[in-house]
Amino acid sequence: MPAAEPTAGSLVRDQRRGTRWHTIGFRLTASFATVLLLMAVGSAVALWQFQIVRRQAERLSQVDLKAVAVLRVHTDVLTFRANLESLVDNGQVDRFAAEAASHRAVFTGDVDRAIEALRATPGTDQLTIVRTLETIRVNLPTQADDVTELARVGEWQAVRRRLENQIKTLSQVTGSMVEQIEGEVAREQAETLLGIQRVQRRAVWTLLLTGLLTLLTAAALATLATRRITRPLARLVKGAQALARGDFEHQVGVSGDDEVQNMATVFNQTAEKLRELYGALRRSEEYFRSLIENASDLITVLGPDGRILYVSPSCQRVMGHALEDVIGQDVFSFIEVSEHAENLRGALVRPEAPTVGSRPIALTFRHPDGSRRVLEAVVSSLPESGALLVVNWRDITDRKQAEKREVELRKALQTAAREWEQTFDSIETPILMVRGGARIVRLNRAARDLTGRPFDQLIGCPLAEVDPGQPWREADRLARQVSESRTPFHGGVRDETSGRTWDLTAGPISGPAADAGQVVVVARDVTHMIELQDSLRRSETLSAMGTLVAGVAHEVRNPLFGISANLDAFEERFGSQAAYTETIGLLRAELDRLVLLMNDLLDYGRPACEFPAEEPFPDMVAQAVRACGSLARRSEVVLANEVPAGLGTCVMDRRRMAQVLQNLLENAIQHSPRGAEVLVVASDEAGRDGRSWITCSVRDSGPGFAAVDLPHIFEPFFTRREGGTGLGLSIVQRIVQLHGGTIGAANRQEGGAVMTIRVPRTGPLER
Amino acid sequence: MAVLLAGTSCTPRAEDARRPQTLSAVMLGYSLSQSRRLLNASLTRYTQATGIPVRFLPAPQRKPERLEQYLAWLEAGAATPDIYQSDITEIGRLAEHMIDLRPYLGQEAQEQIPAVMAHYVIGGRLVAMPLYTDVGVLLYRTDLAAQAGYAGPPKTWDELEKMAARIQQRQRTAGNEAFWGFSWPGRAEDDLLCFALELQAAHGAGGIIEADGTISVRNPRTEQALLRARRWIGTISPRGVTAYAAADAGNLWYSGNAAFFRTWPHAYAISQEASSPIRGKVGMAALPSGGAGHFGTLGGWQLSVSKHSPHPREAAALVRALIGRDEQQVRAVQLSGLPPRLDLYEDPEILEANPYFHDVRDILLQGAVPRPTVVAGRAYQDVAAAYITAVHSVLTGQAEPQPALAALEQQIQRLLAARQSHAGR
């Protein structure tokens, strides 16, 4: 770009602009654009020419149409004349007139069409034809009218002459018109043909020129572009060869500023960079070499066949061999055969094997002093060098021995721990170890079973939160006391919900610091023992009381019998005297009351289970319900037994137990209003202690119990009923208790009372 | 023609725009071969001189349709045709659509017969130039008249009737059953008007409407004239002559089957054509007298240039080329067209071809009856139609002369009154 002296700023700008204009890419793009433009222009011109041809052809076809229309008019005139002439000799006026009229109509239509066709493209000459057509459009009908009239008056001769002369003249007019239009068609055709030929010539020349121009342009551009590219490329190739030889000083000549020249510049920069890198590499290599040679570890380079190609100077210290004894030797001649040695051999064969670059492997060396040295080898493949392996060895003989001892110790410890754990778990008494804040640290299987929760939930859980019930709360309290005082504590507690009694012992653990503050809590289930003690005590009391009551009742009955006999005799004698009647009645009533009381007392004092046997509970209920049937009917109360037939069995004195139920039913019926219902229901039930029970309820719709009476209804001699002994429910309770069961009374929410007995069921509950 | 085609495909240059691509003229005689020859010769000369091609167009043959067609073109402002040929009775209606020719043909106008030219100066404008003039004449068969012992043409209608009857009788006897004594245009159109007008005038009944406005149709002489003509039908003229247009009357004559023929002078030239069977056997004379003298209806044809012509100068030049003295001379020789220049009636060449031109000139100058175009003005076409209808109805026997003519008089009065009130407004 030879320009005026540029300033510093403009130079930069010029170079930029120059760069854009001089790039090979831009020039190639411009070339292709030029070629395409040329081709497009050529095609457009050709298309334009074809368009002209098309238009001319269209015009020609229009002229043809016109010619045809005019020709038809001419033919009409000729036909008119010929047809009418043939009819003249015939002499039939009507037929002649009809023919003339029909021709006239056809003719008029054809003329109109011809005029329309001609008017489509107006021109002076065509207008003259239009005018002619307009005239003969009037003239032929005139002729038709004339000849028709002549025919009507019988002047056939005149008709003939008219057709011969005037109408013939008319056909000459149309004939000349046809000539004119045909001449026009011919001219039009000739001109169109000429035009088409001209267009063809033009199109051929255009395409030829465009093609030639395109070819020349393409060739010129291709040559220019190629020369601009190939020459600098040759210089670049030379430079690259120099680089390959290691001649980093070689520079490629740069001239111009296109892409290839840019490449040359970049090449030169690259060569310089390479030179710098080479120097850096050499320095780095020296550095690492000195590092390796002074390292305490042993470093070797192995060839593919296992030969030692390089060994670091620490060889003497680690292997006990001199450098020269080792170089060139097979590495396996120093190593004992082992799995790891085979791995190393595999790595030599397959450098990509997992051994390489992964975990260190331990190999055993034979030291010249006869000892075995364990060396840890880290194998890595030498980058970029194919099959060469770098092996980094470290003497780990001492470490290996220490590891071995540690493993043995750990094994012994684990055994001891396992034994202790099994022992701990096999103890059936729940044992827990807790630490500050009474959190569970450890507990045995029995303790876990008691909570019903898995170990992982329990460890770390505060004792108080394991279960709100006992014995955990008590255990918590004890554990806190122990951790405060560091002395053992003992306590007992009864869990009312489960009905179990616990004996708790807590003591501090003394020992190393890790366990300091820990407390051991041992819980013993003493429920059964307590129950046995209670049962024994109660049995003794009841038995003693029953014996006493029965004895008293027996002793009282005999005098009562005597009084009764004397009262009978007295009544026999003085019963008819009115003065004694009232007294006798009074005595008799009191006497009956005493007898009843005595019978009840005897009954109360009688042993509960004289004849225990395993009996189906529903059968017993049915017996009691039957016994109450007549009372229910009398009282007009419905007695419903809804005890399922498949309910379990109980060990019981059937007669006594039926008496219990009968007593309850009678009470219910007596307190029920007329028409009410008394319902007996029963079900199996699993208790918290693992035993199974039968629960049976008698429900009525009576007034229920007064709230103040409820705590006292089972006390002997407590009654609200006139004439009652107050022993009925006491006897019932005694019988139930003697069967190991319980009895309760309550008021139903919907009204009425409910009495519920609960007795042990035999056999396991099948659910 | 090349110019025309070029004109449709590219814009003409300035001088081309001024020069007409082609001129066109409506020419009535063009349908006749001899007339066409003559016209073509004139045109060739014109085209050679100016380089302007010319096209001739035919015109509707019957008068009302022709006028209607002309008016349709002119009122539509049609640029084609440039030149119109019209009848002397039509120029009054067309005048307003024609240019004033005085700037182009003032000199030529001076050379024509003033009486003829009087028809073409309307409102002070020269709206047309005469192509040839016309007057009603009688053609007769000299051979047959001589055979029947007559030395010349009949002087009176009575004579004509006798001669015609006699010649006809002779021809029929000779076996020519198609022969008739007198051929004339009896069809209800313009030629019948011309013939009836001549007949009426010859009987001293006047010219339909006189120059002072007097209506002269309802009189015994007119009745007499019409009754005479009615007598001819079926006797000396064909029974269907009332359906004969001028062409049919001519056809009968030219075929040699008529002794007398009422026509215009150009029929003489046609009769004398080489192919004519009556060539050399034809004489031309004034129409016979009915007691009041020899009369012939004044006709004539003229050329006008349309106001809508894009090239009035060239069109006027073409008119000049067609009506020049030489052209008129040739037309008189070849077509026996009456020249509107008096000097040509002494032209030896013309007199050689038309030995009777002196007689015709006399009729033209003394016995020419004009149709009442001037006095009737715009009502003329209606008056003419009414007259033709009345005459035709008398001839066909549909009406008697007296009541028919009385009715005609009233009708003409109404038409004139309507025209005047129309004009007054």
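Details of the structure are given in the entry above.
In this report, the structure presented in the accompanying data block is examined. Treat the numbers as computed from the prediction; the structure is a model and nothing was measured.

Right, let's get into the pairing of strand β10 (residues 519-525) of chain A. Alignment of strand β6 (residues 431-435) of chain A against β10(A), held across four bridges, turns out to be antiparallel. The residue bridging Ile431(A) from the neighbouring strand is Val522(A), located in β10(A).

Counted by the stated rule, this structure contains 54 salt bridges over all chains. With its nearest N and O atoms 2.7 Å apart, the salt bridge here joins Arg187(B) to Asp146(A). Here Arg187(B) is found in the loop between β8 (180-183) and α10 (190-202), whereas its partner Asp146(A) is found in helix α4 (residues 124-152) on a different chain. A single burial state applies to Arg187(B) and to Asp146(A), both of which are buried. Glu111(B) is the salt-bridge partner of Arg341(B), the closest N and O atoms lying 2.5 Å from each other. Taken as a pair, Arg341(B) in the loop between α15 (325-335) and α16 (348-353) and Glu111(B) in helix α6 (residues 102-111) lie far apart in primary sequence, 230 residues in all. The class for Arg341(B) is buried, based on a relative accessible area of 5%. Classification of Glu111(B) by relative accessible area gives partly exposed; the value is 35%.

In this structure, Leu133(A), Phe182(B) and Phe260(B) are the most contacted members of the largest nonpolar core, which totals 168 residues. Counting residues per element, this core draws most heavily on helix α5 (residues 156-245) of chain A, at 11 residues. Those residues in contact with Phe260(B), other than ones at most four positions away along the chain, are Leu138(B), Leu139(B), Tyr140(B), Pro154(B), Leu160(B), Met163(B), Ala164(B), Ile167(B), Gly181(B), Phe182(B), Ser183(B) and Trp253(B). Leu601(A), Leu631(A), Ala632(A) and Cys650(A) belong to the second largest nonpolar core, which has 48 residues in total.

Turning next to the packing of aromatic side chains. One pass over the full model with this rule turns up 20 aromatic pairs over all chains. Between Phe365(A) and Trp393(A) the ring centres are 5.2 Å apart and the planes differ by 85°, which places this aromatic pair in the edge-to-face class. In this pair, Phe365(A) sits in strand β3 (residues 361-366) while Trp393(A) sits in strand β5 (residues 389-395), placing the two residues 28 residues apart along the sequence. When its relative accessible area of 4% is taken as the criterion, Phe365(A) is described as buried. Given a relative accessible area of 1%, Trp393(A) falls into the buried group. Measuring from centroid to centroid gives 5.1 Å for Tyr70(B) and Tyr84(B), while their planes differ by 75°, and the two rings are edge-to-face.

This part is about the side chain of Arg81(A). All names here are of chain A. Structurally, the position occupied by arginine 81 is in helix α2 (residues 24-88). A residue is classified by how much of its surface remains accessible, and arginine 81, at 17% relative accessible area, is buried. One polar contact links the side chain of arginine 81 to the main-chain carbonyl oxygen of leucine 163, over a distance of 3.1 Å. The contact partners of arginine 81, leaving out residues within four places of it in the chain, are Leu163, Glu164, Ile167 and Lys168.

Residues and elements named next belong to chain A. Across its 14 residues, helix α13 (residues 472-485) extends 20 Å between first and last C-alpha, which sits within 8% of the 20 Å expected from 1.5 Å per residue. Residues of α13 that are buried: Trp472, Glu474, Ala475, Asp476, Leu478, Ala479 and Val482. Each element contacted by the buried residues of α13 is listed here: β6, α11 (445-451), β8 (489-495), β9 (500-508) and β10. Where α13 terminates, the next one or two residues include arginine 486, which has phi positive at roughly 60°.

To continue, consider the sheet that holds strand β12 (residues 282-285) of chain B. Residue and element names in this part refer to chain B. If you trace the four strands from one edge of the open sheet to the other, you get β8-β11-β7-β12, paired in mixed fashion. Of all the strands in the sheet, the pair left with one neighbour each is β8 and β12. For this sheet, the mean inter-axis angle between neighbouring strands, taken without regard to orientation, is 15°. Examined bridge by bridge, strand β7 (residues 137-141) and strand β11 (residues 258-263) share four bridges and lie antiparallel to one another. Considered in β11, the bridge of leucine 138 is made with arginine 262. Packed on one face of the sheet, helix α17 (residues 357-367) meets β7 and β12 and runs near 25° to β12.

A few words now on unusual backbone geometry. Trans is the common state for peptide bonds, and a negative phi is the common state for residues other than glycine. Of note, the bond from Thr80(B) into Pro81(B) is cis; its omega dihedral lies within 30 degrees of zero at 0°. Secondary-structure assignment places Pro81(B) in the loop between α4 (63-75) and β3 (83-87). For Glu636(A), which is not glycine, the phi dihedral falls at a positive 55°. Position of Glu636(A) among the secondary structure elements: in the loop between α17 (629-635) and β12 (638-641). The partly exposed category is assigned to Glu636(A), whose relative accessible area is 46%. The phi angle at Ile208(B) is positive, at roughly 70°, despite the residue not being glycine. Following the sequence through the fold, Ile208(B) ends up in strand β9 (residues 208-209).

Calculation criteria
Residues numbered from 1 in each chain as written. Chains lettered and ligands numbered in written order. Predicted model: local features only at pLDDT ≥ 70, side-chain atom pairs only at ≥ 80, totals over all residues. Heavy atoms only, no water. Pairing = 2+ DSSP bridges. Helix = DSSP H or I, 4+ residues; strand = E, 2+ residues; numbered from the N terminus. Salt bridge = Lys/Arg side-chain N within 4 Å of Asp/Glu carboxyl O. Buried < 20%, exposed > 50% of the residue type's maximum accessible area, 1.4 Å probe, protein only. Core = buried A, V, L, I, M, F, W, Y, C linked by side-chain atoms within 4.5 Å. Contact = heavy atoms within 4.5 Å. Phe/Tyr/Trp six-rings, centres within 6.5 Å; stacked < 30°, edge-to-face > 60°. Polar contact = N/O pair within 3.5 Å; in protein donor to acceptor, adjacent residues only side chain to side chain. Expected span 1.5 Å × (residues − 1). Axes fitted to C-alpha atoms, helices over the stretch in contact; angles between N-to-C directions.

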